[in-house]
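For reference, the chains in residue letters:
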Amino acid sequence: MERERMTLQVGLIGAGRIGRLHAHNIAAEPRCRLAAVADPLPEAAERLAGACGAAVRTPAEILDDEAIGAILIASPTDTHAELIEAGVRAGKAVFCEKPVDLALTRARACLRAVAETEGAQPVMIGFNRRFDPHFAALKAAFDAGEIGRGTLLSIVSFDPAPPPPAYVRSSGGLFRDMSIHDFDIACWIFGALPESVSATGSCLVDPAIGAEGDIDTAVITLRLADGRIATIRNSRRASYGYDQRLELLGEGGLLAVENVPENMLRKAGTQGVVGARPEHFFLERYHRSYAIAWERFVDSVLQDTPVPVSLADGVNALAIAEAAACALETGRAEALP
Ligand SMILES: NC(=O)c1ccc[n+]([C@@H]2O[C@H](COP(=O)([O-])OP(=O)(O)OC[C@H]3O[C@@H](n4cnc5c(N)ncnc54)[C@H](O)[C@@H]3O)[C@@H](O)[C@H]2O)c1
C-alpha cells in the first residue's frame, strides 16, 4: 500500500529509436518520474533528458542511485544480459527490450543469475505486442472459449522496408530480431511452448542482407506436443506498409485481427474500392502497446505482483529463434528441449 503511493523513479539506458519512445511513455505515466538517461552518445542523451526533464548520467551512476527504483534497458541487444544482471544486483526492477541476448546460452545464464540473486526485483521483457488492444482482444476471446479449442494460428508480419545492413549485423538476424515477437505471440496465445520448429527462408528483398549472412523472407512452423500448429510468415518488405495480421482457427470458428489503417476513409469508384494503407511501421502501429506494457510493469512493481512477461518468456522465445536458425540450416524440424 505504501509502495502504491510512491513515485517510481526510473533510469533509462539507451536513448535511440525505442529509448526515445519509452522515455515519453515513462514521463507520461503519472506514477513515474524519468530521473535519468544514459547513452554513450552525449547528444542523444542530452536531447532526450532535456525534453523529459531528466538528468544525464552513466549507466553505473543510475545503478548506484538508491532513489532510482527501476531501469528501462533500451540499448543494443548485446548489452541486455549484462545490464539485467547489474540491475537486479543493484536492487532495481528491470524492464528490458527484446531480445534478452543474441545467444541462448548467455540468456540462460542471465536467467540463472537473476534467480540466484537474493531479493531480486522483477524483470520484464518488452514483448509489447501482447499489449496491443487488438491482439489482446483476440487472446481474451480465445481464453473465454469463444472458438473452443484453437488448432491453427497464422501470423503475418511484414516490415514496410528492410533495415540498413549495419542494423542486420548487430541485430542477431531475422529470427532473433524480428520473428522473435511472433514466437512470443504464438506461445502466449496457445499458452504452451512448441515441441518442434521448421523453417525455410531466402534473401529476396535486399542482397545487402544476404551479404551479411541473413535472410529477409521466411516461413516458420511451430508444432506443439498435442499437434496444434502455428505458422509465421515474415518479410522485410511490404510495399503497401506494415502488414500485421493474426488468425486463429478453432473448433467453433475463427478469430482474426486485420491491419489497422492510417485512416478510415474508403473511396468507392467505378474501378473498385480503395482504403488507406496499414499504419506505417511499429512506432505507429504499436504505439499504444508500448504505453500499456509500461503501465503493466509499473502496476507489478508498485503492487508487488508478477510481471506479465517474464525473463523466462524472453529466454523461451530466443530458444525458438535458435531452433529456427538450426532448422533453416539443416532443412529438418528442430526439436525444442
Ligand atoms: N519492442 C520493440 O518493438 C522494439 C523495437 C525496436 C527496437 N527494439 C530493441 O531495442 C533495442 C534498441 O534498439 P533501437 O532500434 O532503439 O536501437 P538504436 O541504435 O536506435 O538505439 C540504441 C541506443 O543505445 C545507445 N547505446 C549503445 N551502447 C550503450 C550502452 N552500453 N549503454 C547505454 N546506451 C547505449 C546507442 O548510442 C543508441 O543511442 C534493441 O535490442 C532492439 O531489439 C525493440
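Shown above is the structure to which this text applies.
In this report, the structure presented in the accompanying data block is examined. These figures come from a predicted structure and were not determined experimentally. (Residues numbered from 1 in each chain as written. Predicted model: local features only at pLDDT ≥ 70, side-chain atom pairs only at ≥ 80, totals over all residues.)

Thoughts on unusual backbone geometry
Stated formally: Helical segments are the DSSP runs of H or I of at least four residues, strand segments are the runs of E of at least two, and each set is numbered from the N terminus. For the exposure call, what matters is how many other C-beta atoms sit within 10 Å of a residue's own: 20 or more marks it buried, 12 or fewer exposed, and in between partly exposed, using C-beta atoms placed from the backbone.
Residue lysine 98 is joined to proline 99 through a cis peptide bond whose omega torsion reads -15°. Assignment of secondary structure puts proline 99 in the loop between strand E5 (93-96) and helix H5 (104-116). Despite not being glycine, aspartate 304 has its phi angle at roughly 60°, a positive value. Note on placement: aspartate 304 falls in the loop between helix H11 (287-303) and helix H12 (311-330). Using a count of 11 C-beta atoms within 10 Å as the deciding quantity, one classes aspartate 304 as exposed.

Details of the nonpolar core
Condition: For this analysis, nonpolar core means a set of buried Ala, Val, Leu, Ile, Met, Phe, Trp, Tyr and Cys residues linked through C-beta atoms within 7 Å. An automatic or database domain assignment provides the domain bounds reported here. By the convention adopted here, residues are in contact when the distance between their C-beta atoms, placed from the backbone, does not exceed 7 Å.
Membership of the largest hydrophobic core comes to 92 residues, with the highest contact counts inside it found for Leu12, Val37, Ile84, Ala186 and Ala324. It is H12 that provides the largest number of residues to this core, a total of 11 residues. Two domains each provide a minimum of three residues to this core, namely domain 1 (3-128) and domain 2 (130-287 + 318-335). Each residue touching alanine 186, except ones within four places of it in the same chain, is listed here: Leu153, Ile155, Leu222, Ala230 and Ile232.

Structural notes on the sheet that holds strand E3 (residues 55-56)
Keep this limit in mind: DSSP calls a pair of strands paired once it identifies at least 2 bridges connecting them. For every element, the axis is a line fit to its C-alpha atoms; helices are fit only across the contacting stretch, and the angle between N-to-C directions ranges from 0 to 180 degrees.
Reading across from one edge, E3-E2-E1-E4-E5-E6 is the order of the 6 strands in this open sheet, with parallel pairing throughout. For this open sheet the edge positions go to E3 and strand E6 (123-125), each flanked by a neighbour on one side alone. Sheet topology places E5 next to E6; 3 bridges connect them, and they run parallel. Residue pairing for E6: phenylalanine 95 is matched across the bridge by methionine 124. In the packing of helix H2 (residues 42-52) onto the sheet, contacts are made with strand E2 (32-38) and E3, and the angle to E2 comes to roughly 165°. Across the sheet, H11 lies against strand E1 (8-13), E2, strand E4 (70-73), E5 and E6, angled at about 130° from E1, the strand it touches most.

Some words on the packing of helix H1 (residues 17-28) against H11
So the rule is basically this: Note that the term roughly parallel is reserved for angles under 35 degrees, roughly antiparallel for angles over 145, roughly perpendicular for angles of 65 to 115, and oblique for everything else. Here a crossing is taken to be left-handed if its near helix is turned anticlockwise relative to the far helix by less than a right angle, and right-handed if that turn runs clockwise. Three categories are distinguished: nonpolar for Ala, Val, Leu, Ile, Met, Phe, Trp, Tyr, Cys and Pro, charged for Asp, Glu, Lys and Arg, and polar for the others, with Gly belonging to the last.
The interhelical angle for the contact between H1 and H11, taken along N-to-C directions, is 55°, at an axis separation of 10 Å. Regarding the angle of H1 to H11, the classification is oblique. Every pair of crossing elements has a handedness; the one defined by H1 and H11 is right-handed. Mapping the contact onto sequence places Leu21, His22, Asn25 and Ile26 in H1 and Tyr290, Ala291 and Trp294 in H11. For the contact of H1 with H11, the per-class residue count stands at 5 nonpolar, 2 polar and no charged.

Things to note about the site of the ligand
The test is simple: By definition, a residue lies near a molecule or strand provided its backbone-derived C-beta atom is within 6 Å of it.
Around the ligand sit 24 residues in total, of which Gly14, Gly16, Arg17, Ser75 and Glu97 are the nearest. No other element matches the 3 residues that H1 contributes to the shell around the ligand. By residue class, the composition of the shell around the ligand is 11 nonpolar, 8 polar and 5 charged.

Here we look at the sheet that holds strand E12 (residues 253-257)
Within the open sheet, the 7 strands sit side by side as E12-E11-E7-E10-E9-E8-E15. Their pairing is mixed. The strands lining the two open edges of the sheet, one partner per strand, are E12 and strand E15 (334-335). The strands touched by helix H6 (residues 133-143) are strand E7 (150-158), strand E11 (243-250) and E12; relative to E12, the strand with the most contacts, the crossing angle is about 165°. Contacting E7, strand E8 (196-202), strand E9 (217-223), strand E10 (229-235) and E11, helix H8 (residues 174-190) runs over the sheet at an angle of about 150° to E7.

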